[in-house]
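Structural characterization, general
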Amino acid sequence: MTYAFYPGCVSKGGCPELYPAAVKVAERLNIQLAEMKDVGCSGAGVLSQEVSDPINARTLAKVEQMGMTMMTICSTCQGVFTQANHRLKSDPDYRERINRENLAQEGLRYEGTVEIKHFLWILDEEFGLDKLKELVVRPLSGLKVAPFYGCYLRRPPELMVPKGFERRKSVLEMTIEALGGEVANIKGKGKCCGFPILASSEENSLAMCSDHTMEAKEKGADCMVTPCPLCHLELDGLQSSAEKHMNEEIDMPILHLPQLVGLALGFTPKEMNMHRHMVSTEEVVKKLEGVRA
Amino acid sequence: MEVTFKVHRYDPATNGKGQLQSYMLGIDEDASILDALMRIREDQDTTLAFRGSCRTGFCGDCTMRIGGKNRIACSTTVGKSVKDGEVTVEPIRIINVLKDMVFDAEAMVYQKYRAVEPWIEPSTPLPQEEHLVSNEVIQDLRKVMSCTMCWLCDEGCTTMVVDRKFVGPAALTKAYRVVADPRDSKTEERLHSLSEEKGMWDCCHCYEATEHCPKGIDPTERIFALRNQAIKVGAGSTKVRNHYRSFGASVKAHGWLDEARLAIDTEGLTNIRGQLKQLPLALKALRRGKLPKPYFLHKKRPGAANIKRIFKLWEKK
């Protein structure tokens, strides 16, 4: 199956290790990606809906033309797009106004038919975790992994976890298990990482980073995994700041979801860009070296 | 059905930590948890303390944790809460407990509500005739006015976990109610005061408040609406305003976000101390090959001109 691939800004910006890892893993799984280049930033909940909805409608109109499901690799992109799509689908007058005022000039038009799915959901709902399990050549045995979803992948629940899709509440745990890893269940897995308030309230932001990474450490996790690069920027990028701020040692490696999948599929740590993290992933790599690919 | 209610008991005078006490009760599965607690208090233990008033989900008084989940006790049935013949009933967490399930509403709830001055300040002199409000606005306000002050949104709030001084979604939703009311004359003043420390900008917009609200008021979206208005009147700390300005400017110019520029602009170009503080992290990112290129080095997306056009249309409005 081919997906209209929306990589988002961060997978090519602050987390450049994510984009190539995701592309390699998709290729290995025979998930075809048609990357979207002529598209704008989702707005990430920072831009006002008044401007981000038209920009996102433009992206969705292009996906509609391609006749594909759109794939994201970022919880925040996924959340913002799902919400925008909901407004555009459920309010034809609103959609029509955006079509008329913003898209018509380019000859674009959105009819409200597009589906948007995060790579994590595609793995479970379309590819199948059982099939993924069969393809694992380096089971993550002995690796204890704490899941961290990114709030936009779970809430608001009526949009992100609608009826019939309840597995989305625990799909990250199921994926870790399918890859042969052990789950370190942390209470904070569905909470905010703290990144959105970094500019307004650095202290609270770092306290959240510390809470989540320390909880993972206390539960004996070797690493955390997240489908959201913004969570990664916070939990990995700002972990050393959180350590200083809270005066504690954390040292919790944070993996992007495609990296964890890729390692289990037999990619080398280097191919998965494990060396491009702020918190060293050396211990995770060492643990996996014992397992022959 | 026969149910064991494991109820949190805490008395500051005699009991330092609080513990669960079991009560057996034969009760209908359609009965509410509040019904059950009232039966226990009437028939078995008159010392049990909890709040409860309307018994119809209208007053927001009986907020507690039932089976580990934040709930309104009168709107939660025994049948839906029971697990292996047991139901645990505890007080909500992010608040000081006075006794059993009774929490200190004054310190955490009422003071915060008062702080946002949730009453309309009409302009003077008052209009001679009735002050008309459009149907669209009043329908929106009616939804917000259905808030029962149950405090579940604050209980679910992620920021509140790390900072109890945060004003919280409950009070901010009340603030929205007056800010969005055209009869109020202090809109701008309110937006500035709500933008102070521990105010609206401390919300991490994780949608927990929206998930927790039993009335479907969507506090998270109300906070977004307050922020959008605040930005328009220039409220918010320098950093917050810089952040918003830079985010918009880079998407407008390049079609996508210039993250390095965002980090620099947020601190302020001339804020040497702020920039120096970021330097070690930036250098480490550079060593790891993950420092994005800022400003003119940040490549434009192919459709950037069209994104800019959409931006300009919005700005004109």
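Residues numbered from 1 in each chain as written. Chains lettered and ligands numbered in written order. Predicted model: local features only at pLDDT ≥ 70, side-chain atom pairs only at ≥ 80, totals over all residues. Heavy atoms only, no water.

1. Comments concerning the sheet that holds strand 2 (residues 32-35) of chain A
Residue and element names in this part refer to chain A. Taken in spatial order, the 4 strands line up as 2-1-3-4 in an open sheet, and their pairing is parallel. Each edge of the open sheet is held by one strand with a lone partner, namely strand 2 and strand 4 (116-118). Strand-to-strand twist across the sheet, computed as the mean angle between neighbouring axes with direction ignored, equals 40 degrees. Sheet analysis places strand 1 (residues 2-6) next to strand 3 (residues 69-72), joined by 4 bridges and oriented parallel. Its bridge partner being in strand 3, tyrosine 6 is matched across the sheet by threonine 72. (Pairing = 2+ DSSP bridges. Helix = DSSP H or I, 4+ residues; strand = E, 2+ residues; numbered from the N terminus. Axes fitted to C-alpha atoms, helices over the stretch in contact; angles between N-to-C directions.)

2. Looking at the packing of aromatic side chains
Applying the stated criterion across every chain yields a total of 7 aromatic pairs over all chains. Here the aromatic rings of A:Phe5 and A:Tyr19 are separated by 6.1 Å at their centres, their planes lie at 10 degrees, and the arrangement is stacked. Taken as a pair, A:Phe5 in strand 1 and A:Tyr19 in helix 1 (residues 18-28) lie far apart in primary sequence, 14 residues in all. Its relative accessible area of 1% is what places A:Phe5 among the buried residues. These aromatic residues form a ring-pair network of at least three members: A:Tyr152, B:Tyr207 and B:Phe224. Sitting over the ring of A:Tyr149, A:Arg154 keeps its end group 4.5 Å from the ring centre. (Phe/Tyr/Trp six-rings, centres within 6.5 Å; stacked < 30°, edge-to-face > 60°. Buried < 20%, exposed > 50% of the residue type's maximum accessible area, 1.4 Å probe, protein only. Lys NZ or Arg CZ within 6 Å of the ring centre and 35° of its normal.)

3. Focus on helix 11 (residues 239-246) of chain A
A:Gln239, A:Ser241, A:Ala242 and A:Glu243 are the residues of helix 11 of chain A that are buried. Where the residues of helix 11 of chain A are buried, they touch helix 9 (202-218), helix 10 (229-237) and strand 8 (254-256) of chain A together with helix 13 (272-287) of chain B. Among the residues trailing helix 11 of chain A, A:Asn247 stands out with phi positive, at a value near 55 degrees. (Contact = heavy atoms within 4.5 Å.)

From the geometry alone we can't say anything about function, so treat these as descriptive.
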